[in-house]
Each structure stands twice: as C-alpha cells, then as structure tokens.
Amino acid sequence: MTFTEELRREADPIFQAIFTHPFVQGIGNGSLQSEQLIHYVKQDFEYLNTFIQIYGQAIHQCDNRKDMGMFNEQISFILNSEIHPHNNFCEVAGVQYEDLQYEPLAPTAHHYTRHMLDVAQNGSLGEILAVLLPCPWTYNEIGDYLKSESQPNKSHPFYEWINFYSREEGDMNVTEDFRARLDAYAKTASAPEKEQMKDHFIKSCQLEYSFWEMSYNQEKWPVL
Ligand SMILES: Cc1ncc(C[n+]2csc(CCO)c2C)c(N)n1
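Residues numbered from 1 in each chain as written. Predicted model: local features only at pLDDT ≥ 70, side-chain atom pairs only at ≥ 80, totals over all residues. Heavy atoms only, no water.

Student: Give me the overall build of the protein chain: which residues, what numbers.
Tutor: Helices and strands together make up the secondary structure of the protein chain, namely 12 helices and zero strands. In terms of C-alpha radius of gyration, the protein chain reaches 17 Å, essentially the compact-globule figure of 17 Å for 224 residues. About 10,900 Å² of surface is accessible on the protein chain, with carbon and sulfur atoms providing 49% of the total. Averaging the positions of the 16 positive and the 33 negative side-chain charges in the protein chain gives two centres separated by 5 Å. (Helix = DSSP H or I, 4+ residues; strand = E, 2+ residues; numbered from the N terminus. Rg over C-alpha atoms; globule rule 2.2 N^0.38 Å. Areas by Shrake-Rupley, 256 points an atom, 1.4 Å probe, with all protein chains shown as cover. Lys, Arg positive; Asp, Glu negative; His and termini not counted. Charge placed at Lys NZ, Arg CZ, Asp CG, Glu CD.)

What follows is the structure in structure tokens.
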C-alpha cells in the first residue's frame with residue numbers, strides 16, 4: 001500500500017461523513033438555500049486566496065522546475081478556473097460574485113486557513129503537500145459521488161459544479177499529481193515526519209467536513 005493509500009484508508013470515515021453531509025447532499029438534490037450558498041462562496045473566496053499564497057510558499061521550497069511548474073499551474077487553475085463553480089453557486093443564489101468578495105473569515109474558515117499557513121511556514125514540502133491534498137481529493141470524490149448518485153443532466157442547478165470536480169476515467173489531475181509527489185517524498189521521509197504528514201492530512205480532512213458544516217449553518221463569531 002502506498003503512503004497516500006494509507007492516508008485515504010485512515011480518513012475514510014471522514015470522507016463518508018462528507019458525502020452524506022446535508023450541504024453536499026443539497027448540491028446533489030438542489031435543496032440549498034441562497035444564504036447557505038452565499039456564505040460558502042464568501043468564505044471559499046477567502047480560503048482560495050490563502051491557498052494561492054501557500055502555493056507561493058511551496059514554490060519557495062522547490063528545488064526543481066517540474067515541481068515549481070506544478071504549483072504554478074495550480075495558481076492559474078484557482079485564479080482562472082475555480083471561479084466557475086463559484087459562479088454556478090452565485091447564479092443559483094441570484095447574486096453577483098463581485099459582491100461576495102473580501103469578506104472577513106468565519107471561525108472555521110479562520111481555523112482551516114491558519115492550519116494550512118502554519119504548516120506552510122514551518123513544515124517541509126512533504127508536509128505542505130499533505131496539508132493541501134484533502135482539498136482536491138475530497139472535492140474530486142464529492143464530484144464523482146454526486147455524479148453517480150444524482151446522474152445530473154444540464155437542467156440540474158449544480159450540473160456545472162458537479163462536472164467541474166468529478167473526474168473522467170484516466171484523468172491525470174491535481175489530486176494524482178500531489179499524490180505521486182507525496183508518495184515519492186514519503187519513501188525517504190523518517191517515521192516521525194510521516195506521522196506529522198499524516199496528522200496534517202487528517203486535520204485538513206476534518207476541516208473540510210467542518211467547512212461544509214460552517215456553510216450549512218452560516219456560522220458566525222459568537223458575539224457580533
Ligand atoms: C474548502 C475548499 N476545499 C477544497 C476546494 C477545492 N479546491 C480548492 S483549491 C483546489 C485545487 C487547486 O490546486 C481545489 C480542488 C475548495 N474550493 N474549497
């Protein structure tokens with residue numbers, strides 16, 4: 001079993017809980033309220049800004065052009081492509097994307113971004129890959145799950161979102177790129193470093209679940 005197969009197996013209860021979370025189920029059956037979609041997009045826009053900054057820190061640690069290119073490509077992906085699923089949510093909610101940008105972070109989004117920033121600032125490249133991997137991996141599996149569960153056609157309100165994240169057979173995508181790189185890294189990593197990477201990965205999986213929960217409940221700071 002490869003290192004990332006081991007991580008995926010350990011995180012399976014979290015993946016299963018994500019698939020059945022009411023927000024994810026709501027994407028599948030089109031039952032979400034506008035306020036829930038708006039809360040998600042506001043928070044996710046900020047989350048992705050942090051993600052881009054972390055890619056910058058990852059590039060800082062790369063010692064070869066291939067890895068630099070991989071992270072550079074992902075920065076462009078977030079800037080130019082990941083706006084499409086956000087626009088899908090905005091259209092369904094009946095709001096302008098520009099009106100949802102640069103909002104303060106809610107507690108869970110604050111927690112998740114600080115977790116990633118901490119590893120990016122203090123960890124190795126392998127640790128950075130481990131903390132980032134649940135982000136594309138859970139979304140790809142959510143896309144695959146919703147595609148097979150809801151069999152959406154073009155009239156489905158979230159057709160674009162589901163197709164954006166689901167994978168075609170044989171696709172090499174960011175999840176596979178990160179996994180290959182992390183598996184190579186794990187081959188020479190010490191046992192304590194592997195434990196660190198596992199811990200970062202599992203915490204990010206938990207925080208992926210919490211991010212859906214935050215959006216579903218439109219989480220706010222306790223005292224306003
Ligand atoms: C909370 C949260 N988690 C994951 C994603 C999905 N996502 C974000 S960046 C990325 C890969 C880019 O290299 C993917 C797939 C999201 N939008 N929001």
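Student: Outline the packing of aromatic side chains, supporting the account with residue identities and numerical values.
Tutor: Considering all chains together, one arrives at 28 aromatic pairs under this definition. A centroid spacing of 6.3 Å and a plane angle of 45° characterise the contact between F23 and F89, whose relative ring orientation is tilted. Placement of the pair is F23 in helix 3 (residues 22-29) and F89 in helix 6 (residues 83-93), with a sequence separation of 66 residues. Across the pair, exposure class does not vary: F23 and F89 are buried alike. (Phe/Tyr/Trp six-rings, centres within 6.5 Å; stacked < 30°, edge-to-face > 60°. Buried < 20%, exposed > 50% of the residue type's maximum accessible area, 1.4 Å probe, protein only.)

Student: Residue-level account of the packing of helix 8 (residues 125-132) against helix 12 (residues 191-216), with values.
Tutor: For the pair helix 8 and helix 12, the least separation of the axes is 7 Å and the interaxial angle reads 25°. The angle between helix 8 and helix 12 places the two elements in the roughly parallel class. Considering only the axes of helix 8 and helix 12, their crossing is right-handed. Taking contact as the criterion, the partners of G126, E127, A130 and V131 in helix 8 are, on helix 12, E193, Q196, M197, H200, F201 and S204. Counted by class, the contact of helix 8 with helix 12 contains four nonpolar, four polar and two charged residues. (Axes fitted to C-alpha atoms, helices over the stretch in contact; angles between N-to-C directions. Parallel < 35°, antiparallel > 145°, perpendicular 65-115°, else oblique. Left-handed = near helix turned anticlockwise from the far one by under 90°. Contact = heavy atoms within 4.5 Å. Nonpolar A, V, L, I, M, F, W, Y, C, P; charged D, E, K, R; others polar.)

Student: If you had to explain the site of the ligand to someone new, which residues and values would you point to?
Tutor: Residues in contact with the ligand amount to 16 residues; listed here are only the nearest, D44, Y55, Q74, E82 and E208. Between the ligand and D44, the relevant distance is 2.6 Å, taken from a nitrogen atom to a side-chain nitrogen or oxygen of the residue. For the ligand, whose accessible area on its own is 450 Å², the fraction buried by protein is 99%. Looking at the shell around the ligand, the elements that each hand over two or more residues are helix 4 (34-61), helix 5 (65-80), helix 9 (134-150) and helix 12. Per-element tally for the shell around the ligand: the top contributor is helix 4, with six residues. Broken down by class, the residue content of the shell around the ligand amounts to 12 nonpolar, one polar and three charged. (Near = heavy atom within 4 Å. Polar contact = N/O pair within 3.5 Å; in protein donor to acceptor, adjacent residues only side chain to side chain.)

Student: Explain helix 1 (residues 3-10) residue by residue, including any values.
Tutor: Inspection of helix 1 places F3, T4, L7 and R8 among the buried residues, and these make up the whole buried set. Angular distribution of buried residues about the axis of helix 1 spans 140°; they occupy a single face of the element. Its buried side turned inward, helix 1 meets helix 2 (12-19), helix 9, helix 11 (174-188) and helix 12. (Arc of directions from axis to C-beta.)

Student: Could you give an account of the environment of H39, with specific residues and numbers?
Tutor: As for its placement among the helices and strands, H39 is situated in helix 4. Classification of H39 as buried rests on a relative accessible area of 11%. Not counting residues up to four positions away in its chain, the partners in contact with H39 are A106, M214, S215, Q218 and E219.

Student: Now, about the nonpolar core: what can you tell me, with residues and values included?
Tutor: Most often, soluble globular proteins have nonpolar side chains that are buried together. Within the largest apolar cluster, 71 residues are counted, with the highest numbers of intra-cluster contacts made by I27, W161 and W212. Here this core gets 12 residues from one element, more than from any other, and that element is helix 4. If we ignore the near neighbours within four places in the chain, the residues touching I27 are L32, F89, L146, H156, F158, W161, I162 and W212. (Core = buried A, V, L, I, M, F, W, Y, C linked by side-chain atoms within 4.5 Å.)

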